[in-house]
Amino acid sequence: MARSGVNIGRRARIGSDIGGTFTDIVLEDGERRFSTKRLTTYDAPERALLEGVAELLTQAGLSPADVGLMVHGTTLATNALISRRGAVTGFLTTEGFRDVLEMGSESRFDQYDLSIAKPAPLAPRRLRLTAGGRVAADGEVLAPLDEAAVERAAEAFAAAGVESVAIGFLHSYAHSAHERAAAAILAERLPQVSLSLSSEVSPEIREYERFSTTVANAYVRPLMDAYLRRLERRLAQAAFDCPLFLMLSSGGLTSLDTAARFPVRLVESGPAGGAIFAASVAAERGVERMLALDVGGTTAKICFIDDGRPQMSQGFEVARVHRFRKGSGLPLRIPVVEMVEIGAGGGSIAHLDRVGRLNVGPQSAASEPGPACYGRGGTEPTVTDADLVMGRVDPEAFAAGTLSLDPAAAETALRKLDPAGDARLLAFGVSEIVDEAMASATRAHAVEQGAAVEDRTMVAFGGAAPLHAGRIAEKLGVARVIVPRGAGVGSAVGFLRAPIGYEISRSRRERLGQVDLGGVNAMLAEMSETAHGLVRQGAPAAERSERRTAYARYVGQGYEISVEIPARMLGVGDEAVLLEIFESAYRRQYGRTIPQLPIEILTWRVNVSAGAWAPQLREPVGRLREITPSTWREVFDPAAGAVRSYGVVRRETLSPGDWLRGPLLVVEDQTTTVAPAAFDVSVDAYGYLVLDRRPATGAPS
Amino acid sequence: MIGRLDDLRRQVMWTRLIAIVEEQAQTLMRTAFSTTVRDAGDLSAAVFDTQGRMIAEAVTGTPGHVNSMAEGVKHFLAKFPPETMREGDHFITNDPWLTAGHLHDVTVVSPVFLDGRLAALVGCCCHQLDIGGLGQGPDGRSIFEEGLQIPLLKLASAGELNETLLEMLRQNVRTPMQVEGDVLSYIASNETGARRLRDMLVEFGQATLDGVGDYILEQSLAATRAAIEALPDGAWSSELVLDGYDAPITLCARLTIRGGEMIVDFAGTDPAVPHGINVVMNYCRAYAVFGLKCVVAPDVPNNYGALKPFRVEAPAGCILNVQRPMPVAARHVVGQMLPDLMFGCLSQALPERTPAEGSSCLWSVQLRGETQARGAGVERFDTVFFNSGGSGARPGLDGLDATAFPSGVRAMPVEVTEAGAPIVIWRKELWADSGGGGRYRGGLGQVVEVGGRFGDGFEVLAMYERVANPARGRDGGQDGAAGTVSLASGAPLRAKGLQRIPAGDRLVLKVPGGAGLGDPAERAAEDLARDVEDGLVGARVASGLADR
């Protein structure tokens, strides 16, 4: 693959997202967009991708030579972690700390459940070996590296058939020489084995998170490296010579080489693509504060987007043993789009707990057997069954009419919750609880982010979001909801909107007022150079921009807040500026500052990006024509707690400038948008549906 | 009964309330200064109706706090009747007998007003690292030596902080700014909860929390009763011998299951001792009920209704119902053993649901000392990090290795601990062979070795259990390994009390293992093989098998 820049002479761009069930592919060619969904081919994931690409090229009448850019995201690394299908992985660590991965936080993620199981480490104890050598918290060497022990470990790894090795020593974020020396020894003894160093993968304080991330990287690296190289070859054979970028969990793009070295950074690429998709809608419409709601069959993802940029986090948890229970998974310390994911989607199953409380999810009927109304053997009541019984979904028009739904089966399933109950009320209950769960998750997320919810515009995508977004908006006090086009393949579209970027974080403790400016400047310069180098590799011609962030707190606290710092050498006067920014951020989040206490910076982050996507702005069209629906349907209205008559229109019959009054159903092939009674619906210049809450005019009828 | 509109709305509010208390807990962890709160999660947050009945609690908490706070709020209401409360008031105490059993646990309760009327109460209880006095160890001879006592007081009146109280507090602690920062974080947390609660009441057209509160308590009470009614009626007794401070202590319990209630009587338990390992009634009830609830009704959300069918009695003056002014600072070493005692009773009634005994008592490494090695004058430090042993084997499952039970706290990262104090933790890993063998083996303990960063000597406030009395196996399962406390140079140390680690030496702790359940000969061959291959099980269990 040629490492030229994005070839602007060529028109077409292809985004592809390999998910657990479907491989989504999108081709954009100027104003034209083509998309396809294919079942993921697990034995050779590139097959479905290449077939889909060929299909779209044919549709568009283009050849591989017309393609100027390909962006790829994949859930393969995530799946390997969840289903434990990675490499035989060894872990070399500091003597005395063989079990950090096993002991974790020494806590139970459920207070009362006596039968919990903790996630097993990716490297079993027999493959976790130690070597003497110790570094103190300030980076000083207390004991030299025991090189003989490293050599013994190499022999043991070789004997055990280890394919990939992670190296993680205590305080290596402050002093990486021991890890590098050990790596040199292992590389010589085990030339076929890939090495992942904690000081490279995640050079941050807190050993459990750093080691867990490094071992996860080692665990998926052989698999991902092989897959990416194969994909590279197959594309070259098929005469594609454009650059190929990989989507990162952070929402940035990276080169194939970097992705192959740090595959753990790809694990959330699909959801990150969704967030970028939402951000592109924010940019097109000039929305400053957005709430992205992505609801599929099994999960809902919620993400805040401020000033067109998704919020970022420095870590998350993957492969939770107890689905969605915090603390039951493997922590990964990588830059990732900040989002919450809960087990709530169209296939989520409703059930009663011991107290008689209605719960929805996290178990999902998925696509097999699917909701009861699919008639494929599912008997448990799901959210889709509830939507059908409430009248939101037309049984004959579901999935473009390819699947006829069975309302009687849905009612029977719902009555399992209360044989004496009214099916429509039960459906309402299921829908309310799942909507409440999503609204609660959004509120909780807002607290963690120190953000407000009510003043945001919601963008809803994924098959199930348009059905529920209106009600969730009511619960959250959100006044506007946007349902964009292409919502069903949002992640793949998002890939084409992402900048090429790379981000590096390093721990280095500095007290504000006494910052070692020389040391910090040198460290930041080195981080910056590395990040620029990786981005340059991916996009040699593009202009690069850099952002730097410091994570600071009062001395003695355990959590930091982020403070943007200038992307240049820091001078003496900058410390006062940092203090001011910190205090105002702290006040905004927690109400009051603590003036007498010193402030310290723990972690420094450098983010370099290039080739940011620029929206094609369109003039707003306003409300030109009021459309009156010609058909109506009885739908249970959650706000009223009773059946109301809803208008029904097909989305493809609407054009920019059209507007309608709620309550309304806007039906399209892949989903239905439900506009509650309190909302109007208009179609904007981009063809997006915009739901606006009417200003209150006294009591609702 | 969910097919009714009103019930549905109440259920939605219940879901919301649980999210609200979680927000409270999150705010605490993000703004607190004590490592116990910010890194270890040694805290609780809850909402109460206007009568002070606990309606919902954050699952983040630790049982000693949560269930103690459930009892404590009524004392606030007695001293500050609702009609005297104003918006912006916050109330505080650390009275061990009214709340969570030692001075380090500070409780702040705040009224929530809606349209000028009291609508609910929110509260939090957090482990404050520094409360003055001797520090958290068992060496105080009375409560007066253990630190600053804060009676039930107003922390803020209508939004104005009680500066007199704060000044008093600052003067009495070693790290005044951090302690004040912590107290402010309690207010921030309660204010967060209050704001969300008000929004919810407005949205659902409720004047107070009482309506939905009644519903939640009724449902929870009914579910707990039903769970207890499904058990056999009867009475069972058990005893547990603890190491004690300088002499063994016997705890006695009689559990009666009758008429949908579980009644525990601790009659026969040894009297309180002149060292700070005594337990107040609140804390005794908290851990006893926690042990029962885990087995009997783990999935019923914890609240006043869910707790009501459990009754706990202990004779005044016994070590589980200590009277003023006896010392209580290290009460967890006895209190955290109560679930094991409850399991002793329950295993006779419900053997198929009850775990074996575990390490149970959290092994906190509480160190203090000073160094001049950095050339910046005398650098004093006072630090703590938590370590857990093995939990008892569970029916059908091995015990959990190095995992806190019954405590709900998390361990602090070694790197964070070392960055905060001039110490080096040289070893912190699983202690092979320390879990009791059995068809299901006990969880493994761990080995911890710690020295001064520059070789200076330092002090340890030891408060360790199960050194003389290991976790006992059941149904043929073997005992867990007993813990040890020693110097790296070899000399043993006492398991309790302030001691000095000489310069150049290190403190070595072997944190106990959990006990096994069932005959070790019945252990699945592949489980045994995996343990042996991983080096988790070796000589001790193998010899145990050979003995048979």
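Since this is a predicted model, take the numbers as computed values, not measurements.

Reading the values: rules and limits
Residues numbered from 1 in each chain as written. Chains lettered and ligands numbered in written order. Predicted model: local features only at pLDDT ≥ 70, side-chain atom pairs only at ≥ 80, totals over all residues. Heavy atoms only, no water. Helix = DSSP H or I, 4+ residues; strand = E, 2+ residues; numbered from the N terminus. Rg over C-alpha atoms; globule rule 2.2 N^0.38 Å. Buried < 20%, exposed > 50% of the residue type's maximum accessible area, 1.4 Å probe, protein only. Contact = heavy atoms within 4.5 Å. Areas by Shrake-Rupley, 256 points an atom, 1.4 Å probe, with all protein chains shown as cover. Lys, Arg positive; Asp, Glu negative; His and termini not counted. Charge placed at Lys NZ, Arg CZ, Asp CG, Glu CD. Buried area = accessible area lost by both parts, 1.4 Å probe. Salt bridge = Lys/Arg side-chain N within 4 Å of Asp/Glu carboxyl O. Polar contact = N/O pair within 3.5 Å; in protein donor to acceptor, adjacent residues only side chain to side chain. Nonpolar A, V, L, I, M, F, W, Y, C, P; charged D, E, K, R; others polar. Pairing = 2+ DSSP bridges. Axes fitted to C-alpha atoms, helices over the stretch in contact; angles between N-to-C directions. Phe/Tyr/Trp six-rings, centres within 6.5 Å; stacked < 30°, edge-to-face > 60°. Lys NZ or Arg CZ within 6 Å of the ring centre and 35° of its normal. Expected span 1.5 Å × (residues − 1). Bend = angle between axes of the 7 residues up to and from the residue. Core = buried A, V, L, I, M, F, W, Y, C linked by side-chain atoms within 4.5 Å. Parallel < 35°, antiparallel > 145°, perpendicular 65-115°, else oblique. Left-handed = near helix turned anticlockwise from the far one by under 90°.

**Some details on the overall build of chain B**
Turning to step 1, where the next piece is worked out: Looking only at helices and strands, chain B features 14 helices and 19 strands.
Turning to step 2, where the next piece is worked out: Its C-alpha atoms give chain B a radius of gyration of 23 Å, within 12% of the compact-globule value 24 Å for 548 residues.
Turning to step 3, where the next piece is worked out: C-alpha atoms of chain B, sized along the principal axes, occupy 70 × 65 × 40 Å.
Turning to step 4, where the next piece is worked out: Of all 548 residues assigned to chain B, the portion counted as buried reaches 67%.
Turning to step 5, where the next piece is worked out: Considering only contacts within chain B whose residues lie at least 6 apart along the sequence, 73% involve residues at least 24 apart.
Turning to step 6, where the next piece is worked out: Of the roughly 17,000 Å² of accessible surface on chain B, 51% is carried by carbon and sulfur atoms.
Turning to step 7, where the next piece is worked out: For chain B, the separation between the mean place of its 50 positive charges and that of its 67 negative charges on side chains is 1 Å.

**Quick look at the overall build of chain A**
Turning to step 1, where the next piece is worked out: Helix and strand counts for chain A stand at 16 helices and 36 strands.
Turning to step 2, where the next piece is worked out: A compact globule built from 701 residues should have a C-alpha radius of gyration of about 27 Å, and chain A, at 26 Å, falls within 12% of that.
Turning to step 3, where the next piece is worked out: By principal-axis analysis of the C-alpha atoms, chain A measures approximately 80 × 60 × 55 Å.
Turning to step 4, where the next piece is worked out: In chain A, buried positions account for 60% of the 701 residues.
Turning to step 5, where the next piece is worked out: For chain A, the share of sequence-separated contacts (at least 6 apart) that also reach a separation of at least 24 residues comes to 67%.
Turning to step 6, where the next piece is worked out: When the accessible surface of chain A is split by element, carbon and sulfur atoms take 50% of a total near 25,400 Å².
Turning to step 7, where the next piece is worked out: Positive and negative side-chain charges of chain A, numbering 77 and 85 respectively, have mean locations separated by a distance of 0 Å.

**As for the interface of chain B and chain A**
The accessible area lost on association of the parts is a frequent measure of interface size.
Turning to step 1, where the next piece is worked out: Facing 90 residues of chain B, the contacting portion of chain A comprises 73 residues.
Turning to step 2, where the next piece is worked out: At the boundary of chain B with chain A, total buried surface from both sides reaches about 7,300 Å², with 56% on carbon and sulfur atoms.
Turning to step 3, where the next piece is worked out: Where chain B touches chain A, the interface holds 8 salt bridges.
Turning to step 4, where the next piece is worked out: Between Asp 534 of chain B and Arg 126 of chain A there is a salt bridge; the shortest N-O distance is 3.3 Å.
Turning to step 5, where the next piece is worked out: At the junction of chain B and chain A, the tally comes to 32 residue pairs in polar contact (both at pLDDT 80 or more).
Turning to step 6, where the next piece is worked out: Of all the elements, helix α1 (residues 5-31) of chain B adds the most residues to the side of chain B that touches chain A, at 16 residues.
Turning to step 7, where the next piece is worked out: Residue composition of the side of chain B that touches chain A, by class: 47 nonpolar, 20 polar and 23 charged.

**Considerations on the sheet that holds strand β34 (residues 672-675) of chain A**
Residue and element names in this part refer to chain A.
Turning to step 1, where the next piece is worked out: In space, the 4 strands of this open sheet follow the order β30-β31-β33-β34, with mixed pairing throughout. The open sheet has two edge strands, β30 (631-637) and β34, and neither has a second partner. Neighbouring strand axes in the sheet, compared pairwise and without regard to direction, differ in orientation by 30° on average.
Turning to step 2, where the next piece is worked out: Note: strand β31 (residues 642-650) against strand β33 (residues 664-667), 4 bridges, orientation parallel. Across the sheet, residue Gly 647 finds its bridge partner in β33, namely Leu 664.

**As for the environment of Gln 366 of chain B**
Residue and element names in this part refer to chain B.
Turning to step 1, where the next piece is worked out: For Gln 366, the position within the fold is in strand β12 (residues 363-371).
Turning to step 2, where the next piece is worked out: Put simply, Gln 366 and Ala 330 are 36 residues apart on the chain and 11 Å apart in space, counted from C-alpha to C-alpha.
Turning to step 3, where the next piece is worked out: With residues up to four places along the chain from it excluded, the contact list for Gln 366 reads Gln 136, Asp 382, Thr 383, Val 384, Glu 459, Val 460, Leu 461 and Met 463.

**Some words on the side chain of Arg 443 of chain A**
Turning to step 1, where the next piece is worked out: Within the element layout of this structure, Arg 443 of chain A appears in helix α12 (residues 423-449).
Turning to step 2, where the next piece is worked out: If we skip the residues at most four places from it in the chain, Arg 443 of chain A touches Glu 436, Lys 475 and Leu 476 of chain A together with Arg 16, Glu 23, Arg 196 and Glu 203 of chain B.

**A few points about the packing of aromatic side chains**
Turning to step 1, where the next piece is worked out: Evaluated as defined, the whole model comprises 14 aromatic pairs over all chains.
Turning to step 2, where the next piece is worked out: Where Tyr 112 of chain A meets Phe 290 of chain B, the ring centres are 5.4 Å apart and the plane angle is 50°; that geometry is what we call tilted. Here Tyr 112 of chain A is found in the loop between α3 (100-103) and β6 (128-131), whereas its partner Phe 290 of chain B is found in helix α8 (residues 281-296) on a different chain.
Turning to step 3, where the next piece is worked out: Ring geometry for Phe 290 of chain B versus Phe 405 of chain B: centroids 5.9 Å apart, planes at 45°, classification tilted. Residue Phe 290 of chain B is found in helix α8, and its partner Phe 405 of chain B is found in the loop between β13 (379-387) and α12 (414-420); the two are separated by 115 residues along the sequence.
Turning to step 4, where the next piece is worked out: Sitting over the face of the ring of Trp 426 of chain B, Arg 134 of chain A holds its NZ or CZ atom 5.7 Å from the ring centroid.
Turning to step 5, where the next piece is worked out: Just above the ring of Phe 304 of chain A sits the side chain of Arg 456 of chain A; from NZ or CZ to the centre is 4.4 Å.

**Describing helix α7 (residues 207-237) of chain A**
Side chains of residues three or four places apart in an α-helix project in the same direction, reflecting 3.6 residues per turn.
All names here are of chain A.
Turning to step 1, where the next piece is worked out: Between its terminal C-alpha atoms α7 stretches 44 Å, which fits the 45 Å expected from 31 residues at 1.5 Å a residue.
Turning to step 2, where the next piece is worked out: Arg 221 marks the point of greatest bend in α7, at about 45°, and the proline Pro 222 comes within the next four residues.
Turning to step 3, where the next piece is worked out: At the C-terminal side of α7, Ala 239 shows a positive phi close to 75°.

**What to know about the nonpolar core**
Turning to step 1, where the next piece is worked out: Counting residues in each nonpolar core, the largest one holds 358 residues, and the members touching the most others are Phe 266 and Leu 320 of chain B.
Turning to step 2, where the next piece is worked out: Among all residues touching Phe 266 of chain B, those that are not within four sequence positions of it are Cys 252, Ala 253, Cys 284, Ala 288, Val 312, Glu 313, Ala 314, Pro 315, Leu 320, Leu 338, Leu 341 and Met 342 of chain B.
Turning to step 3, where the next piece is worked out: Residues Ala 154, Phe 157, Ala 183 and Ile 185 of chain A belong to the second largest nonpolar core, which totals 22 residues.

**Quick notes on the pairing of strand β2 (residues 22-29) of chain A**
Residue and element names in this part refer to chain A.
Turning to step 1, where the next piece is worked out: Of all 8 residues in β2, 7 are buried, a share of seventy percent or more.
Turning to step 2, where the next piece is worked out: Alignment of strand β1 (residues 12-18) against β2, held across 6 bridges, turns out to be antiparallel. Counterpart to Ile 18 in the pairing with β2 is Thr 23.
Turning to step 3, where the next piece is worked out: Taken together, the 8 bridges between β2 and strand β3 (residues 32-39) define a ladder with antiparallel strand orientation. Bridge pairing links Asp 29 to Arg 32 in β3.

**Regarding the packing of α8 of chain B against helix α11 (residues 338-349) of chain B**
Residue and element names in this part refer to chain B.
Turning to step 1, where the next piece is worked out: Packing of α8 against α11 leaves a shortest axis separation of 8 Å and a crossing angle of 45°. One way to sum up the angle between α8 and α11 is to call them oblique. Considering the relative orientation of α8 and α11, their crossing is right-handed. On α11, the residues that touch Cys 284, Tyr 287, Ala 288, Phe 290, Gly 291, Leu 292, Val 295 and Val 296 of α8 are Leu 338, Pro 339, Met 342, Phe 343 and Leu 346.
Turning to step 2, where the next piece is worked out: Tallied by class, residues from the contact of α8 with α11 come to 12 nonpolar, 1 polar and no charged.

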